[in-house]
Amino acid sequence: MKRLFKVISMVVMMAVIFSVMPITAMATTTTTTTGAASAKLSLKGLTAVGSNQKNYLCSPNYSDSTDNYSFNVPDWMPSLTVRITAQSGLSCSSSSVSFTENSGIYTGTFELKDKTQSFSVKLTSTSGQSRTLNITVRRSTIECYFDKVIIRKNDADVTADSGNVKDGLTFKLPSGTTTCEIRMTPRHENELYFENTTVRADGSRVVDAATAKEKIELNYYRYTVNPTLIEGTNTFVATINAGTMTKTCNITVIVGDPAANSAAGTTPSVTVPVPTQPGSMATNYGCSINGTTMTLTNAATGVTTTYYRSDGTSSTAIFGTWSASDGSSTMVFYADNTCLVNGLSNTYTLNGTALTIEPVATIPSEDTGTLPTTVPTTAAAKGGLGGMSPLMWVLIGIIITVVLGACIFMIVNMSGNKNQMQDDYYEEPLYRDTRRRRNLADYASDDYDDYDDYGYQSRGSRGYGGRPRNNASFDDYDDYDDYGRY
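Since we're looking at a predicted model, the values are computed, not measured.

Cut-offs applied
- Residues numbered from 1 in each chain as written.
- Predicted model: local features only at pLDDT ≥ 70, side-chain atom pairs only at ≥ 80, totals over all residues.
- Heavy atoms only, no water.
- Helix = DSSP H or I, 4+ residues; strand = E, 2+ residues; numbered from the N terminus.
- Buried < 20%, exposed > 50% of the residue type's maximum accessible area, 1.4 Å probe, protein only.
- Contact = heavy atoms within 4.5 Å.
- Areas by Shrake-Rupley, 256 points an atom, 1.4 Å probe, with all protein chains shown as cover.
- Salt bridge = Lys/Arg side-chain N within 4 Å of Asp/Glu carboxyl O.
- Phe/Tyr/Trp six-rings, centres within 6.5 Å; stacked < 30°, edge-to-face > 60°.
- Pairing = 2+ DSSP bridges.
- Axes fitted to C-alpha atoms, helices over the stretch in contact; angles between N-to-C directions.
- Core = buried A, V, L, I, M, F, W, Y, C linked by side-chain atoms within 4.5 Å.
- pLDDT = per-residue confidence, 0-100.
- Polar contact = N/O pair within 3.5 Å; in protein donor to acceptor, adjacent residues only side chain to side chain.
- Patch = residues over 30% accessible without salt bridge, like charges linked within 9 Å, V, L, I, M, F, W, Y side chains within 5 Å.

1. Structural notes on the overall build of the protein
Secondary structure assignment for the protein yields six helices and 29 strands. Looking at the protein as a whole, 31% of its 486 residues qualify as buried. Counting contacts in the protein only where the partners sit at least 6 residues apart, residues at least 24 apart contribute 58% of the total. With the model as given, the accessible surface of the protein reaches about 31100 Å², and the carbon-plus-sulfur share is 54%.

2. Some details on the pattern of salt bridges
For the structure on display, the rule yields ten salt bridges. Ionic pairing is found between D67 and R131, a salt bridge with its closest N-O pair at 2.5 Å. Placement of the pair is D67 in the loop between β2 (55-57) and β3 (68-74) and R131 in strand β9 (residues 130-140), with a sequence separation of 64 residues. The exposure class assigned to D67 is partly exposed, which follows from its relative accessible area of 25%. Given the relative accessible area of 3%, R131 is considered buried. D157 is paired through a salt bridge with R152; the nearest N and O atoms lie 2.6 Å apart. Given the relative accessible area of 51%, D157 is considered exposed. Residue classification places R152 among the buried positions, given a relative accessible area of 15%.

3. Examining the packing of aromatic side chains
In the structure shown here, the tally under the stated rule is four aromatic pairs. With 5.3 Å between their ring centres and 25° between their planes, F194 and F236 make a pair best called stacked. Taken as a pair, F194 in strand β15 (residues 191-196) and F236 in strand β18 (residues 232-242) lie far apart in primary sequence, 42 residues in all. Among the residues examined, F236 registers a relative accessible area of 1% and is labelled buried.

4. Points about the sheet that holds strand β1 (residues 45-50)
Two modes of strand pairing occur in sheets, parallel and antiparallel, and in both the strands are linked by backbone hydrogen bonds. Strand order across the open sheet formed by five strands is β2-β1-β4-β7-β6, with antiparallel pairing between neighbours. At either margin of the open sheet sits one strand with a lone partner, and together these are β2 and β6 (99-102). Adjacent strand axes in the sheet meet at a mean angle of 30°, parallel and antiparallel pairs treated alike. In this sheet, strand β4 (residues 79-85) lies alongside β1 in antiparallel orientation, the contact comprising six bridges. Paired with G45 across the strands is T85, a residue of β4.

5. Some details on the nonpolar core
Residues L46, I84, I182, M184, F194 and I251 are the most contacted members of the largest nonpolar core, which totals 53 residues. For this core, the element with the highest residue contribution is strand β19 (residues 245-255), accounting for five residues. The contact partners of I182, leaving out residues within four places of it in the chain, are V149, I150, I151, F194, Y223, T224, V225, P227, F236 and I251. Judged by nonpolar contacts, the second largest core, of 22 residues, contains C287, F333, L340 and L355.

6. Remarks on the pairing of strand β7 (residues 105-111)
Residues Y106, G108 and F110 line the buried face of β7, whereas the alternating positions I105, T107, T109 and E111 sit on a face that is not buried. As paired strands, β4 and β7 are joined by seven bridges and run antiparallel to one another. Within the sheet, the bridge partner assigned to L80 lies in β7 and is F110. Here four bridges tie β6 to β7, and the two strands are oriented antiparallel to one another. Paired with T100 across the strands is T107, a residue of β7. Here β6 hands over to β7 after two residues, with S103 in that stretch at a positive phi of 55°.

7. Side note on the confidence of the model for the protein
Any segment with low pLDDT has predicted coordinates that should not be analysed in fine detail. Mean pLDDT over the protein stands at 75; residues scoring 70 or higher make up 66%. In this model residues 22-37 is a low-confidence stretch, pLDDT under 50, and it forms one contact with partners more than four residues away in sequence or in other chains. In this model residues 440-485 is a low-confidence stretch, pLDDT under 50, and it forms 33 contacts with partners more than four residues away in sequence or in other chains.

8. Observations regarding the sheet that holds strand β17 (residues 223-225)
Judged by pairing direction, the sheet is antiparallel, and its four strands sit side by side in the order β11-β10-β14-β17 without closing on themselves. In the strand order of this sheet, the two ends are held by β11 (156-158) and β17, each with one partner. Here the average twist between neighbouring strands, direction ignored, is 35°.

9. Description of the environment of D157
Inspection of the secondary structure puts D157 in strand β11. The spatial distance from the C-alpha of D157 to the C-alpha of E181 is 9.4 Å, given a sequence separation of 24 residues. With residues near it in sequence (within four places) discarded, D157 still touches I150, I151 and R152. A distance of 2.6 Å separates a polar atom in the side chain of D157 from a polar atom in the side chain of R152.

10. Overview of the side chain of T170
Mapped onto the fold, T170 is located in strand β13 (residues 168-173). Taking the relative accessible area as the measure of exposure, T170 reaches 19% and is therefore buried. Look past the residues within four positions of T170 in its chain and what remains in contact with it is A160, D161, S162, T252 and I254.

11. Examining a nonpolar patch on the surface
On the surface, M392, V394, L395, I398 and V402 cluster together into a nonpolar patch covering about 430 Å² of accessible area. Tracing the chain through its elements places V402 in helix α4 (residues 390-414).

12. Brief notes about the side chain of T136
Among the structural elements, T136 can be located in strand β9. The exposure class of T136 is buried, given its relative accessible area of 17%.

13. Some details on unusual backbone geometry
With an omega dihedral of -5°, the bond running from S59 to P60 counts as a cis peptide bond. Positive phi is not limited to glycine here, since Q53 has a value of about 65°. In this structure, Q53 sits in the loop between β1 and β2. Classification of Q53 by relative accessible area gives partly exposed; the value is 48%.

14. Some thoughts on the pairing of strand β10 (residues 145-153)
Of the strand pairs in this sheet, β10 and strand β14 (residues 181-187) are connected by seven bridges, and their pairing is antiparallel. By the bridge assignment, F146 is partnered in β14 with P186. The sheet contact formed by β10 and β11 spans three bridges and is antiparallel. Bridge pairing links K153 to A156 in β11. Linking two consecutive strands that pair antiparallel, namely β10 and β11, is a turn of two residues; a positive phi of about 55° is found at N154 within it.

Set out below in structure tokens:
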């Protein structure tokens with residue numbers, strides 16, 4: 001009986017042990033899984049946007065298994081915006097950068113002062129999950145360049161007839177075309193300027209020199225212009241600046257016959273040499289024009305450079321756009337003895353084979369903080385009568401008119417009877433009745449709460465209009481994802 005009792009006791013004990021073991025094992029597994037899930041927060045992405053509104057990708061590419069990242073940006077860039085994409089409602093704190101959230105995108109903008117800057121940012125969820133990213137920003141010399149230049153007409157791309165973005169592009173459009181859309185996509189740029197250098201057959205400018213060159217604003221990661229075209233050869237120069245670096249791209253658009261605005265067959269205007277002042281920056285060349293080729297030999301250095309006429313037509317006139325064979329320079333000559341050398345204004349004289357190019361004189365502006373005013377000659381700088389600009393004469397005339405009008409008004413009003421003026425002034429005494437003392441009850445009975453006469457209720461509230469959301473499609477911008485570190 002005792003033996004049977006021992007056997008039963010052992011069976012019961014074994015049953016209890018085996019029934020408890022799975023529960024313990026499951027509890028241990030659940031605890032471990034929960035602890036791992038709450039240890040690290042999963043994020044969706046990490047990017048940066050430069051002050052040029054271009055995207056810069058992190059290095060290495062973002063991954064949930066990596067917490068240390070760096071961004072490489074140009075040395076001229078003054079600020080950078082870091083964007084972290086995650087779930088909304090997280091707590092975001094940083095060692096030196098202030099972050100704000102908008103629909104799960106955490107944005108922090110900061111100035112770039114050193115060649116290398118580092119900071120950390122920690123994101124924490126309400127359930128206790130967290131993630132700390134260590135970010136380093138490095139500024140270095142990164143070359144700027146034109147990545148893409150295209151022309152669109154009637155919502156379709158126009159294939160370049162010849163050339164490339166480095167050496168210049170030439171496009172051809174049907175006769176009668178008066179405008180087109182030029183799209184330019186540079187990399188690592190700070191700003192872009194676009195200049196219309198087109199010359200008519202008589203050597204005059206299509207666009208006045210004062211407005212021919214303009215700064216273009218970035219729009220959806222590219223720069224877009226819609227220039228006016230004339231029949232014949234239209235020439236443009238696009239220039240990008242990035243710190244100390246500058247790159248240009250010559251764009252030629254031929255509408256119909258390329259020689260329609262050519263100087264071929266026209267008689268060059270007679271040019272009168274302008275004596276150069278001692279110490280001037282004039283450069284003298286030996287000049288030889290043979291059809292589509294112009295050879296310039298610097299009289300001081302002896303260096304010879306060959307230029308080619310952009311419209312490809314043969315002429316003995318200098319009018320038009322010329323590009324150096326090595327791509328180092330672009331010159332545009334106009335009939336009014338002005339010219340552009342790499343986009344800078346100059347004057348020129350041509351006597352036979354002697355060509356003199358001199359920078360346009362400048363005078364300081366009278367307004368503080370404005371750039372110098374460019375003037376071609378001393379006479380242009382002086383302006384109107386007596387060396388004073390016409391605008392100053394107009395202002396002086398207005399001032400004199402106002403002063404004289406005020407004097408006449410005062411004389412007319414003072415010419416009346418003095419006694420009558422005094423009677424009129426004191427006709428209504430300020431206090432007709434003897435003043436009496438008022439007690440608190442009198443003040444309490446005054447109806448001071450009636451403000452209807454002031455019309456406060458009729459003013460209404462003034463709404464504030466926000467900027468409309470731009471719902472433009474990005475289908476045309478297939479190079480958006482290619483910007484990478486650009």
